[in-house]
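Observations on the three-dimensional arrangement
The primary structure of each chain is shown beneath.
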Amino acid sequence: MEQKIIIDMKDIVKRYYIGKPNELEVLHGVSLKVYEGEFVAIVGPSGSGKSTLMNVIGALDLPTSGQYYLDGLDMFDAREDDLSAIRNRKIGFVFQTYNLIARTTALKNVELPMLYAGMGRRERSERAKELLRLVEMDDRMSHKPDELSGGQKQRVAIARAMANDPAIILADEPTGALDSGTGRLIMDIFHRLNKEQGKTIVLITHSPELAEETQRIMTLHDGLIISERKGGGRVAAG
Amino acid sequence: MLLGENISMALAAIRANKMRSFLTMLGIIIGIGSVIAIQTVGNSVTTSFASTMTNMGASNISVGVTQRETEKVKGDESGLEFEGYRIIRTPEESDFIKDNMIADFLNNFSDEIEYIILSESLGTGKITEIKNSATVAVTGGDEGYFKGQNLTLLAGREIGDKAIKGGKAVCLISDYAVRKLYNTEDYDKAIGKVVEVVIGQKFYDFTVVGVYKLDDSGMLFGANADRQTDLYTTLGCVKKHTHSDGYPSFTVVKSPDAQIDTNELRSMIQIFFDRYYHTNRNFEVTTSSFESMLEELTKMMGTISTAISIIAGIALLVGGIGVMNIMLVSISERTREIGIRKALGATNSSIRLQFIIEAMVLCIIGGIIGIIIGVTGGSIAANAMDAEAHASIASIVESVGFSMAIGLFFGYYPANKAAKMNPIDALTYE
Ligand SMILES: Nc1ncnc2c1ncn2[C@@H]1O[C@H](COP(=O)(O)OP(=O)(O)OP(=O)(O)O)[C@@H](O)[C@H]1O
Ligand SMILES: [Mg+2]
């Protein structure tokens, strides 16, 4: 069966400080394809450019050259507002540092992407509650981020990433700041979203075991993908 | 994005930094507060002046002899000429408005005028009755004069038209004077008495026909203080003593049926008397109506409020710059938040709108506090000036609008700076 390519990158180069004496090329021409519904992992040593690649995939940052189609859209053609709309509707971000807005409640944080999507107040709050229930955080929805533990914050962040039912979830070391037990819990949520809702997930991780659980593992080294292999897939959890 | 969401986000941000927000608002509070205060005072003073005037007859016109601003003929046969100074003169008998002019005037304006008020003072003197004495100011009035006095009689009767016409030496004295002179509160006892007033070296006799109630509202002295009260007699009687056939001033009461507005009538009267006075080199007749006085008062208040508004404008400018500064600080503190919002799909314009609304909400709150302070302060000041406080609704509405405009103007630059942040730079900002 022919699967749809959702992330299609060719020869992506990312340079910083262009034209300055300290010009730095972080990605040296990365090509990668991710299919719809896939759960892939990107691994590699620190400083190899994983986060940079992730930000380019998520339209948070623009590549210097190359070709990039996201769900069929040419990202080099997109204007700023198009990129905002792509981040809003097609992508859900999960960061190592959670990146919740401190002053507002868990519920409001989850509502935020829907607010920017122009969804009505009632519908927004209904869906946010439903998503918080999905990550088992519905009893803490009126708490502010600093009243939550790391694992709880990350669950709220995942709920928020799911707000506009995006095609892709991009997770940059989502378990990096958590203990292994809590990390396990977060990974279980990702597996569930991948299986039950068919979400495409790109996971950056330093943990070989967690990477091994995914369907495909790409290794980034010094700005290039040097190897790619199939993962073991989900090991039945106790 | 919805306006309501932006406003509640703005309020949350302001609440998160209460002290800083308050200090930022201070310039706006002072600026708006002082404008509203002065406008409340101005509005109150003109409103109560206008209502006083309506009670006193807004359509009355006063006509009086005043010294010319510039003397008509250079060089004075008296030789009294000082370079650069205008000699202050008092009008002499020959400068007064003469009986014949008034008669001519009444003939000419019979349709427009209901009556005129004429009075003349004889001076202030003492009445002595055995061991008691009372000080009185003697004024003679015509029919019109007594109509305007609204005296409340406690005993006797008013001075009748016949007595006025005949220039009889009858008078009305105050209850206070009766108590002083005769040690009695039975005012009827004073009726028919002849009082002798000593003014200078001269003696004047008047027969008391009525006792009026003194308006006690202006009472400032103790009961024992010798208070000067008015003694009213007929104009003709005073004229007989002063041997004068002219008046320094009089008041015209416009007829309610007159088909002409007060100001028009006033300028017609002015022209009428100019004919008599164009040959008088030192004096002229000036006319004023309460309406023209109101106009002048309004003009004066306008000048004062323009001056205050300039100062307030400077306060608002400084306040606005303060708002801009604090918005820049706030945006750099919240860079990460801006990055998060962008990562979640906020467009540049929604970020811009968020911060503009935050600046505007800040300014509007400042403006409202300023309005409250201004109305309160202005009302206190107006009350101190014996005017009933009337806040100007128009200036309150304008102030709210103006605060919004300041927020928009000074919030735009910081908001635009926030909107144009690169998402990833903002998100990874330390
Ligand atoms: N905004 C930037 N400006 C300049 N250089 C940058 C910028 N962001 C990243 N880099 C550089 O790009 C390289 C790759 O960084 P990146 O964050 O992508 O690494 P990483 O693989 O995610 O590392 P880690 O595992 O430690 O998170 C680093 O050498 C870093 O210094
Ligand atoms: Mg990284």
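This is a predicted model, so every value here is computed, not measured.

What counts, and where the lines are drawn
- Residues numbered from 1 in each chain as written.
- Chains lettered and ligands numbered in written order.
- Predicted model: local features only at pLDDT ≥ 70, side-chain atom pairs only at ≥ 80, totals over all residues.
- Heavy atoms only, no water.
- Helix = DSSP H or I, 4+ residues; strand = E, 2+ residues; numbered from the N terminus.
- Rg over C-alpha atoms; globule rule 2.2 N^0.38 Å.
- Buried < 20%, exposed > 50% of the residue type's maximum accessible area, 1.4 Å probe, protein only.
- Pairing = 2+ DSSP bridges.
- Axes fitted to C-alpha atoms, helices over the stretch in contact; angles between N-to-C directions.
- Contact = heavy atoms within 4.5 Å.
- Buried area = accessible area lost by both parts, 1.4 Å probe.
- Salt bridge = Lys/Arg side-chain N within 4 Å of Asp/Glu carboxyl O.
- Polar contact = N/O pair within 3.5 Å; in protein donor to acceptor, adjacent residues only side chain to side chain.
- Nonpolar A, V, L, I, M, F, W, Y, C, P; charged D, E, K, R; others polar.
- Near = heavy atom within 4 Å.
- Areas by Shrake-Rupley, 256 points an atom, 1.4 Å probe, with all protein chains shown as cover.
- Phe/Tyr/Trp six-rings, centres within 6.5 Å; stacked < 30°, edge-to-face > 60°.
- Lys NZ or Arg CZ within 6 Å of the ring centre and 35° of its normal.
- pLDDT = per-residue confidence, 0-100.
- Left-handed = near helix turned anticlockwise from the far one by under 90°.

**Some thoughts on the overall build of chain B**
Along its length, chain B carries 13 helices and 13 strands. Over its C-alpha atoms chain B spans a radius of gyration of 34 Å, topping by over 25% the 22 Å that the globule rule assigns to 430 residues. Reported as C-alpha extents along the three principal axes, the dimensions of chain B are approximately 105 × 60 × 45 Å. Relative to its 430 residues, chain B shows a buried fraction of 46%.

**Comments concerning the sheet that holds strand E12 (residues 249–254) of chain B**
The pairing of strands in a sheet happens through backbone hydrogen bonds and is either parallel or antiparallel. Residue and element names in this part refer to chain B. If you walk across this open sheet you meet the 4 strands as E3-E12-E1-E13, and the pairing is antiparallel. Each having just a single partner strand, strand E3 (113–117) and strand E13 (283–289) make up the two edges of the open sheet. Within the sheet, the average angular offset between the axes of one strand and its neighbour, ignoring direction, is 25 degrees. Of the strand pairs in this sheet, strand E1 (residues 60–67) and E12 are connected by 5 bridges, and their pairing is antiparallel. Residue pairing in the sheet places Asn-60 in a bridge with Val-253 of E12. Sitting on the sheet, helix H8 (residues 262–277) is in contact with E1, E12 and E13, with an inclination near 170 degrees to E13. In this fold helix H9 (residues 290–333) packs onto E1 and E13, with an angle of close to 85 degrees to the strand it touches most, E13.

**Here's the deal with the sheet that holds strand E4 (residues 65–70) of chain A**
All names here are of chain A. Taken together, the 4 strands give an open sheet; going across it, the order is E2-E1-E4-E5, and neighbouring strands pair in antiparallel fashion. Because the sheet does not close on itself, it has two edges, and the strands there are strand E2 (24–35) and strand E5 (73–74). Taken strand by strand, helix H1 (residues 50–57) contacts strand E1 (5–16), E2 and E4, and its axis lies near 125 degrees from that of E1.

**Considerations on the interface of chain B and chain A**
As a measure of interface size, the accessible area lost when the parts come together is often cited. Taken together, the contact pairs 25 residues of chain B with 23 residues of chain A. Counting the surface lost from both chain B and chain A, the interface buries some 2,100 Å², and carbon and sulfur atoms represent 57% of this. Contact with chain A buries area across many residues of chain B, yet Glu5(B), Leu344(B) and Ile424(B) alone supply 28% of it, more than any other trio. The interface formed by chain B and chain A contains 3 salt bridges. A salt bridge links Arg103(A) to Glu337(B), with the nearest nitrogen and oxygen atoms 2.9 Å apart. At the surface where chain B touches chain A, the tally comes to 10 residue pairs in polar contact (both at pLDDT 80 or more). Elements with a minimum of two residues in the side of chain B that touches chain A: helix H1 (3–16), helix H10 (335–343), helix H11 (348–384) and helix H13 (423–427) of chain B. Sort the elements by how many residues they give to the side of chain B that touches chain A and H10(B) lands first, with 6 residues. Class assignment for the residues of the side of chain B that touches chain A results in 13 nonpolar, 6 polar and 6 charged.

**Regarding the environment of Tyr69(A)**
Among the structural elements, Tyr69(A) can be located in strand E4. With residues near it in sequence (within four places) discarded, Tyr69(A) still touches Ile6(A), Ile7(A), Asp8(A) and Asp74(A).

**Describing the side chain of Glu358(B)**
Residue and element names in this part refer to chain B. Relative to the elements of secondary structure, Glu-358 occurs in helix H11. Looking at Glu-358, the relative accessible area reads 6%, which means it is buried. Look past the residues within four positions of Glu-358 in its chain and what remains in contact with it is Ala-10, Ala-13, Ile-14, Met-327, Ser-330 and Arg-334.

**Concerning the side chain of Ser350(B)**
Here Ser350(B) shows up in helix H11. Here the side chain of Ser350(B) touches Thr347(B) through a polar contact of 2.9 Å, landing on its backbone oxygen.

**Considerations on the site of ligand 1**
All names here are of chain A. Contacts to ligand 1 come from 14 residues, most closely from Ser-46, Gly-47, Lys-50, Ser-51 and Thr-52. One of the backbone nitrogen or oxygen atoms of Gly-47 is found 2.9 Å away from an oxygen atom of ligand 1. When ligand 1 sits alone it has 630 Å² of accessible area, and the protein chains cover 64% of it. Elements supplying a minimum of two residues to the shell around ligand 1: E2 and H1. It is H1 that contributes the most residues to the shell around ligand 1, 3 residues altogether. Across the shell around ligand 1, the residue classes break down as 5 nonpolar, 7 polar and 2 charged.

**Observations regarding the packing of aromatic side chains**
All names here are of chain B. Within the structure shown, the criterion is met by 15 aromatic pairs over all chains. Ring centres of Phe-105 and Phe-273 lie 5.4 Å apart, and the angle between their planes is 40 degrees; on these two criteria the pair is classed as tilted. One end of the pair, Phe-105, is in helix H3 (residues 99–108); the other, Phe-273, is in helix H8, with 168 residues separating them in the sequence. Between Phe-409 and Phe-410 the ring centres are 5.0 Å apart and the planes differ by 80 degrees, which places this aromatic pair in the edge-to-face class. Through a chain of ring-to-ring contacts, three or more aromatic side chains come together here, namely Phe-105, Phe-109, Phe-250, Phe-272, Phe-273 and Tyr-276. For Lys-147, the ring lying beneath its charged end belongs to Tyr-115, and the centroid distance is 3.9 Å. Taking the ring centre of Tyr-247 as reference, the NZ or CZ of Lys-239 above it sits at 3.8 Å.

**Things to note about the confidence of the model for chain B**
Detailed reading of the predicted coordinates is not advisable wherever pLDDT falls low. Residues and elements named next belong to chain B. Confidence in the prediction of chain B, expressed as mean pLDDT, is 86, and 93% of residues score 70 or more. The secondary structure element of chain B with the lowest average pLDDT is helix H4 (residues 143–149), at 84, and the one with the highest is H10, at 97. Among the scores for the predicted complex, ipTM is 0.95 and pTM is 0.73.

**Remarks on the packing of H9(B) against helix H12 (residues 393–419) of chain B**
All names here are of chain B. Remark: H9 packs on H12, axes separated minimally by 9 Å, with the N-to-C direction vectors making an angle of 30 degrees. Taken as a pair, H9 and H12 cross one another with a handedness that is right-handed. Contacts from Leu-316, Leu-317, Gly-320, Ile-321, Met-324, Met-327, Leu-328 and Ile-331 of H9 reach H12 at Phe-402, Ile-406, Phe-410, Tyr-413, Pro-414, Ala-415, Lys-417 and Ala-418.

**Looking at the environment of Tyr16(A)**
Residues and elements named next belong to chain A. Examined against the element boundaries, Tyr-16 turns out to sit in strand E1. Taking relative accessible area as the criterion, Tyr-16 reaches 29% and is therefore assigned partly exposed. A sequence separation of 59 residues divides Tyr-16 from Met-75, and the C-alpha atoms of the two residues are 19 Å apart.

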